[in-house]
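Spelled out, the chains give:
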Amino acid sequence: MTSASISPSEATVSAVICAYTDARRELLDASVEAVLDQLRPGDQLVVVIDHNDELFSRISATYGTRATVVPNTNDRGLSGARNSGIAASVGGVVAFIDDDARVDPGWLEQLRGDYRNPTVTG
């Protein structure tokens, strides 16, 4: 299926949040919860932990049943973490959110709606 043939009702989204430090845990939790509130069947939240085993264990314990929590298996840093997130994604659309950002209500539906335009590919 090409992006031109994806209807908003069919578009599944993998939202990827990359994190590396416990110092931003409160912000990360808020970001994760805001995305989880917007997921619909077929969507996925991927949380990538960048070379921090303790944070990986805590996030896996907290969100492992509602999100896909994976370690960054690439070089340390955002680029490697995003690539690890892409590798773990199953949605037709991959969207990235910073670990210190909270998405607006309706964000995923708006994103899905942008794919109504057959010229939108990314």
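See the structure printed just above.
Since the structure is predicted, the reported quantities are computational estimates derived from the model, not experimental observations. (Residues numbered from 1 in each chain as written. Predicted model: local features only at pLDDT ≥ 70, side-chain atom pairs only at ≥ 80, totals over all residues. Heavy atoms only, no water.)

Quick word on the overall build of the chain
Consideration 1: Summing up its helical and strand segments, the chain has four helices and four strands in all.
Consideration 2: Each helix and strand of the chain, ordered N terminal to C terminal, gives the series β-α-β-α-β-α-β-α.
Consideration 3: Once the C-alpha set of the chain is aligned to its principal axes, its extents read approximately 45 × 30 × 20 Å.
Consideration 4: Taking all 122 residues of the chain together, 43% fall into the buried category.
Consideration 5: Restricting to contacts in the chain with at least 6 residues of sequence separation, those with at least 24 account for 68%. (Helix = DSSP H or I, 4+ residues; strand = E, 2+ residues; numbered from the N terminus. Buried < 20%, exposed > 50% of the residue type's maximum accessible area, 1.4 Å probe, protein only. Contact = heavy atoms within 4.5 Å.)

So, the side chain of Arg25
Consideration 1: The residue Arg25 is located in helix α1 (residues 25–36) in this model.
Consideration 2: Among the residues examined, Arg25 registers a relative accessible area of 17% and is labelled buried.
Consideration 3: When near neighbours in sequence (up to four residues on either side) are disregarded, Arg25 contacts Leu55, Arg58, Ile59 and Thr62.

So, the pairing of strand β3 (residues 68–71)
Consideration 1: Examined bridge by bridge, strand β2 (residues 44–49) and β3 share four bridges and lie parallel to one another. Paired with Val47 across the bridge in β3 is Val69. (Pairing = 2+ DSSP bridges.)

A word on a nonpolar patch on the surface
Consideration 1: There is a patch of nonpolar side chains on the surface, built from Ile86, Val94 and Phe96 and spanning about 220 Å² of accessible area.
Consideration 2: Tracing the backbone through its elements, the reader meets Ile86 in helix α3 (residues 78–88). (Patch = residues over 30% accessible without salt bridge, like charges linked within 9 Å, V, L, I, M, F, W, Y side chains within 5 Å. Areas by Shrake-Rupley, 256 points an atom, 1.4 Å probe, with all protein chains shown as cover. Salt bridge = Lys/Arg side-chain N within 4 Å of Asp/Glu carboxyl O.)

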